[in-house]
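Here is what each chain is made of, one letter per residue.
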Amino acid sequence: MDNQDKLETRLVQGGRPEKALEATVNHPVHRASTVIYPDLGTYLGRNEDGRRYSNITYGATGTHNARALAAAVADLEGGHGTVVTSTGLSAITMTLAALLSSGDHVLVSDSVYAPTRNFCANVLARYGVTTTYYDPGVGAGIADLMRPETRLVFTEAPGSLSFEMQDIPAIVAAVHARGALVAMDNTWATPLYFRPIDHGVDVSIQAGTKYVAGHSDLVIGLITSATQEVHRRIFDTTRTYGDVASPDDCFLALRGLRTMSVRLARQAESAMTVATWLNERPQVRRVLFPALPSDPGHALWKRDFSGASSLFGVVMERGDLDSVTRFVDALRLFCIGSSWGGYESLVAAYPTPLARDVVPFDEVPFLVRLHVGLEDPEDLIADLEQALAKAG
Ligand SMILES: *Cc1c(COP(=O)(O)O)cnc(C)c1O
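Everything numeric in this text was worked out from a predicted model, so none of it was measured. Here the residue numbers are simple positions, counted from 1 along each chain's written sequence. Under the rules for a predicted model, residues below a pLDDT of 70 receive no local features and side-chain atom pairs below 80 are neither given nor counted, while totals for whole chains, interfaces and linings still include all residues. To obtain the side-chain values, all non-hydrogen atoms of the structure were used and water was disregarded.

Section: the sheet that holds strand β8 (residues 284-288)
Here is step 1 of the chain: A strand pair is defined by DSSP finding two or more bridges across the two strands. Secondary structure elements are taken from DSSP: a helix is a run of H or I of four residues or more, a strand is a run of E of two residues or more, and numbering for both begins at the N terminus. The sheet built from five strands is open, its strands ordered β8-β9-β12-β11-β10 with mixed pairing. Strands at the two margins of the open sheet, each flanked by one partner only, are β8 and β10 (335-336).

Set out below in structure tokens:
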């Protein structure tokens, strides 16, 4: 593909079947355990180094659908290669398992997606890897937290639920100066609005479950590495653990990717309209959304990101369970549910204090999170207005 093409062009073109007579626009779904070979020599040579990273050899390492999705995502991320995993969470845990060994130390953002924290506490600790958490506002100060055995910094911006921004370029510079790697969970921005690898990050992770899939009907993970060395370590780890995504889910995720730029552009615009309106309501203390000029992370967001997606937090003036329940239960267009990134609007509420080690988050007993979908934003605002009136 032509590297001069813009991202919107690349996500339409990447990973498509070769032009040929009777080719279809999309790869058909290749369901497989077994891949067959024309002769024994080819079969015996199937796993030779260099070949096992590109050839389709067995269903448990992904068929054409996974390779096509991986090719399209690697191109979009500007990375060396992408590994497709069974869930967004396994994209995170496989990366940690690939890059950390007994005796190593990992620094993790205090605002990280909570299951990432659970993996560090419940699995990495048993395997002799020490985790410490850092203030998402740390910036270049991450240097002071690094130890001789620090191998990896795991970051996520904005943070899950609390939406703090981070100075990624400053963190990358400090971490690389000490010979360690940086991995980033970039599910919120997607590579359309922030390209981690362009900013020096070594491993860019997306829960493809969210905006890539875009229709709330599958779970999948995407791990893109800047270099061949790191890509191979991660590919070999997923193979060792036997983590793979189904061909049907890869097909649907790639179908979702084709329209991600238009969905995201529309959802981002509506989210900005809704968040701006909400931020001025008397029942709302503050909206946690870096695209808003009032957000403490706005300057960093504006410097490094080219857009904001459609997920944000809401701190209600009265964040008690009664009032939050009245508000959420009164909503008609925002369905109550976990996950996000689909075409539909969602609402959820989370009890505080959030799991934290460094910076507590306990401003109100319940934090509300909204995901803005493709509905008309005026309808969404009308829905929120009638529900806010019931919140008291
Ligand atoms: C949802 C999510 C994940 C995990 O994705 P699953 O496919 O649900 O496992 C990881 N990171 C972030 C930031 C998420 O929101």
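Past the structure itself, the notes keep going.
Quick look at the site of the ligand
Here is step 1 of the chain: Near the ligand there are 14 residues, and of these Gly88, Leu89, Asp185, Thr209 and Lys210 occur at the shortest range.
Here is step 2 of the chain: With respect to the ligand, the backbone of leucine 89 contributes an N or O atom lying 2.8 Å from an oxygen atom.
Here is step 3 of the chain: Within the side chain of threonine 209, a nitrogen or oxygen atom sits 2.5 Å from an oxygen atom of the ligand.
Here is step 4 of the chain: Note on areas: Shrake-Rupley with a 1.4 Å probe; residue coverage comes only from the protein chains shown. When isolated, the ligand has an accessible area of 380 Å², and the protein chains bury 87% of it.
Here is step 5 of the chain: It is helix α4 (residues 88-99) that provides the largest number of residues to the shell around the ligand, a total of three residues.
Here is step 6 of the chain: Grouping the amino acids of the shell around the ligand by side-chain chemistry returns six nonpolar, five polar and three charged. In these notes, residues near a molecule or strand are those with any non-hydrogen atom within 4 Å of it. The definition of a polar contact used here is a pair of N or O atoms within 3.5 Å, where within protein one atom must be able to donate a hydrogen and the other to accept one, and adjacent residues in sequence count solely through side-chain atom pairs. Each residue is assigned to one class: nonpolar for Ala, Val, Leu, Ile, Met, Phe, Trp, Tyr, Cys and Pro, charged for Asp, Glu, Lys and Arg, and polar for all the others, Gly among them.

Considering helix α9 (residues 247-258)
Here is step 1 of the chain: One less than the number of residues in a helix, times 1.5 Å, gives the span that helix is expected to have. Between its first and last C-alpha, α9 extends 17 Å over 12 residues, near the 16 Å set by a 1.5 Å rise per residue.
Here is step 2 of the chain: With a 1.4 Å probe rolled over the protein chains alone, any residue whose accessible area is under 20% of its type maximum counts as buried; one over 50% counts as exposed, and the rest are partly exposed. Buried residues of α9: Pro247, Cys250, Ala253, Leu254, Gly256, Leu257 and Arg258, and no others.

Describing unusual backbone geometry
Most peptide bonds take the trans form, and the phi angle of most residues other than glycine is negative.
Here is step 1 of the chain: Geometrically, the link from alanine 157 to proline 158 is a cis peptide bond, its omega value of -10° lying close to zero.
Here is step 2 of the chain: The topology assignment puts proline 158 in the loop between β4 (150-156) and α6 (168-177).
Here is step 3 of the chain: Following threonine 352, the chain continues into proline 353 via a peptide bond in cis, with omega recorded as 0°.
Here is step 4 of the chain: Relative to the helices and strands, proline 353 resides in the loop between β11 (346-351) and β12 (366-371).

Structural notes on the environment of glycine 81
Here is step 1 of the chain: Within the secondary structure, glycine 81 is located in strand β1 (residues 81-85).
Here is step 2 of the chain: Residue glycine 81 is classed as buried on the basis of its relative accessible area of 6%.
Here is step 3 of the chain: Between the C-alpha atoms of glycine 81 and glutamate 229, which are 148 residues apart in sequence, the distance is 10 Å.
Here is step 4 of the chain: Any two residues whose heavy atoms approach within 4.5 Å at even a single point are treated as in contact. If sequence neighbours within four positions are ignored, glycine 81 has contacts with Ala74, Ile223, Thr224, Ser225 and His231.

With respect to the packing of aromatic side chains
Here is step 1 of the chain: The rule is short: rings of Phe, Tyr and Trp, with Trp giving its six-membered ring, pair when the centres are within 6.5 Å, and they are stacked under 30 degrees, edge-to-face over 60, tilted in between. By the definition in use, this model includes seven aromatic pairs.
Here is step 2 of the chain: On the numbers, 6.3 Å between centres and 75° between planes, the contact of tryptophan 188 with phenylalanine 289 is edge-to-face. Of this pair, tryptophan 188 sits in the loop between β5 (181-185) and α7 (190-193) while phenylalanine 289 sits in the loop between β8 and α11 (298-304), and the two are 101 residues apart along the sequence.
Here is step 3 of the chain: Residue tryptophan 188 is classed as buried on the basis of its relative accessible area of 5%.

As for the pairing of strand β3 (residues 130-134)
Here is step 1 of the chain: Examined bridge by bridge, strand β2 (residues 105-109) and β3 share five bridges and lie parallel to one another. Paired with histidine 105 across the strands is threonine 130, a residue of β3.
Here is step 2 of the chain: Here the term right-handed applies to a crossover when the path leading from its first strand over the helix to its second strand runs clockwise, the strands being oriented away from the viewer. In this fold, β2 hands off to helix α5 (residues 114-124), which returns the chain to β3; that crossover is right-handed.

With respect to a nonpolar patch on the surface
Here is step 1 of the chain: Residues forming no salt bridge and having over 30% relative accessible area are the ones grouped into patches, like charges within 9 Å of each other and nonpolar side chains (Val, Leu, Ile, Met, Phe, Trp, Tyr) within 5 Å. The salt bridge definition used is simple: a Lys or Arg side-chain nitrogen within 4 Å of an Asp or Glu carboxyl oxygen. A cluster of nonpolar side chains, namely Leu40, Tyr43 and Leu44, defines an oily patch on the protein surface of about 330 Å² accessible area.
Here is step 2 of the chain: Here leucine 40 is to be found in helix α2 (residues 40-44).

Comments concerning the pattern of salt bridges
Here is step 1 of the chain: Tallied over the entire structure, the rule returns 17 salt bridges.
Here is step 2 of the chain: The salt bridge involving aspartate 110 is made with arginine 117; its shortest N-O contact spans 3.1 Å. For the residue pair aspartate 110 and arginine 117, the accessibility class agrees, reading buried in each case.
Here is step 3 of the chain: Here the salt bridges do not stand alone but share partners, grouping Asp49, Arg52, Arg232 and Asp236 into one network.

So, the sheet that holds strand β6 (residues 203-207)
Here is step 1 of the chain: Strand order in this open sheet of seven strands is β1-β7-β6-β5-β4-β2-β3, and the pairing throughout is mixed. Because the sheet does not close on itself, it has two edges, and the strands there are β1 and β3. Here the strands of the sheet are splayed against their neighbours by 20° on average, with no regard to which way each runs.
Here is step 2 of the chain: In terms of strand pairing, β4 meets β5 through five bridges, oriented parallel. Bridge pairing links threonine 155 to methionine 184 in β5.
Here is step 3 of the chain: Along the sheet, α6 makes contact with β3, β4 and β5, crossing β5 at roughly 155°. A fitted line through C-alpha atoms serves as each axis, taken over the contacting stretch for helices, and the angle formed by two N-to-C directions is quoted from 0 to 180°.

Concerning the environment of glycine 319
Here is step 1 of the chain: Among the secondary structure elements, glycine 319 is positioned in the loop between β9 (311-316) and α12 (321-330).
Here is step 2 of the chain: According to the relative accessible area criterion, glycine 319 is buried, its value standing at 5%.
Here is step 3 of the chain: Beyond its immediate stretch of four places on either side in the chain, glycine 319 contacts Val324, Val364, Pro365 and Phe366.

Digging into the side chain of glutamine 166
Here is step 1 of the chain: Among the structural elements, glutamine 166 can be located in the loop between β4 and α6.
Here is step 2 of the chain: A polar contact of 3.0 Å, which involves the side chain of glutamine 166, links it to the side chain of serine 109.
Here is step 3 of the chain: Polar side-chain contacts of glutamine 166 include one of 2.7 Å to the side chain of threonine 155.
Here is step 4 of the chain: When near neighbours in sequence (up to four residues on either side) are disregarded, glutamine 166 contacts Ser109, Ser111, Tyr134, Pro136, Thr155, Glu156, Ala157, Ile171 and Leu300.

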